[in-house]
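# Close look at the chain arrangement
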Amino acid sequence: RCRAVMSATLDANAALVLFSGGQDSATCLAWALSKFERVETIGFFYGQRHAVEMEQRPKLIHRLCAALPGLRARLGADTVLDIPTITQIGETAMTSDVEIEMGANGLPTTFVPARNLLFLTFAASLAYRRGIKHIVTGVCETDYSGYPDCRDDTIKALQVALNLGMDSRMVLHTPLMFIDKAGTWELAYDLGEKHFPVHGVSSVVGGDEVVTVIAEESHSCYLGDRSQWHEWGFGCGRCPACELRANGWQGWVQMRAAKKRGTASEASD
């Protein structure tokens, strides 16, 4: 009986998005806004070297609101939590001036042990209090740095643990889990091309506009470099995050070109 009461307090039309200000979380925010009537966001200061990503969050939200008509009507509260205790546990290349390289454990030195587990646990705690059923995160196990807390098995196990621990029925969504970075750019483009019905009225926006906003305003570079512009966004162009983003962009450009050629061929037939 207790479980039924708790599930009734969770709004099935509401979602909480883990929104760091990066490409993946920005795409997940657009995805959530296309699926749910009420969307809130949460971000974390944890001593990250690229804390500039947090500065980009409000800019990114502002421009996404302009690019996606009707988005603002669904977008709710934004919560930012400060969890500096992560840096007290030990140094990583993500939180300290440590060289980015592969460690002896086969993982890059940017790996922060249990970071995503902690983020999702804090997010679930907030969602519980806010009556939100769905939690959306941009982790994936395709184009990624090998972090074990990004894998599908990890997220599924965590969902079980969180629901048992809070006697709830929350759902962890990972819309990027099985697509590569090129597919992430394509998803952002597709979301911009689709209809966003708000209060019975549908709006159509351009995929190119949404991709432009994410390219210009989101931040991925581990070094926090926003002094160098590339067609895929700002960054040093050398760290693993920049390389993943750049390679994904090139793959997406080729994907779009192939689709355009296919459309032109069909039209000529």
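In what follows, the accompanying structure is described. Nothing here was measured: the structure is a model prediction, and the numbers come from that model. (Residues numbered from 1 in each chain as written. Predicted model: local features only at pLDDT ≥ 70, side-chain atom pairs only at ≥ 80, totals over all residues. Heavy atoms only, no water.)

### Quick word on the nonpolar core
Most often, soluble globular proteins keep nonpolar side chains buried together rather than apart. Within the largest apolar cluster, 74 residues are counted, with the highest numbers of intra-cluster contacts made by L29 and I135. No other element matches the 7 residues that helix α2 (residues 23-35) contributes to this core. If near-sequence neighbours (up to four positions away) are discounted, I135 is found in contact with L16, L18, L120, A123, A124, A127, M170, V171, L172 and H173. (Core = buried A, V, L, I, M, F, W, Y, C linked by side-chain atoms within 4.5 Å. Buried < 20%, exposed > 50% of the residue type's maximum accessible area, 1.4 Å probe, protein only. Helix = DSSP H or I, 4+ residues; strand = E, 2+ residues; numbered from the N terminus. Contact = heavy atoms within 4.5 Å.)

### Details of the sheet that holds strand β1 (residues 11-18)
Hydrogen bonds between backbone groups are what pair the strands of a sheet, and the pairing can be parallel or antiparallel. One open sheet accounts for 5 strands, arranged β3-β2-β1-β4-β5; its pairing is parallel. Bordering the open sheet on either side are β3 (75-82) and β5 (171-173), each of which pairs with just one other strand. Here the average twist between neighbouring strands, direction ignored, is 25°. Examined bridge by bridge, strand β2 (residues 38-45) and β3 share 6 bridges and lie parallel to one another. What sits directly across from V39, in β3, is L75. Here helix α3 (residues 52-67) sits on the sheet and contacts β2 and β3; the angle it forms with β2, its principal contact strand, is near 160°. (Pairing = 2+ DSSP bridges. Axes fitted to C-alpha atoms, helices over the stretch in contact; angles between N-to-C directions.)

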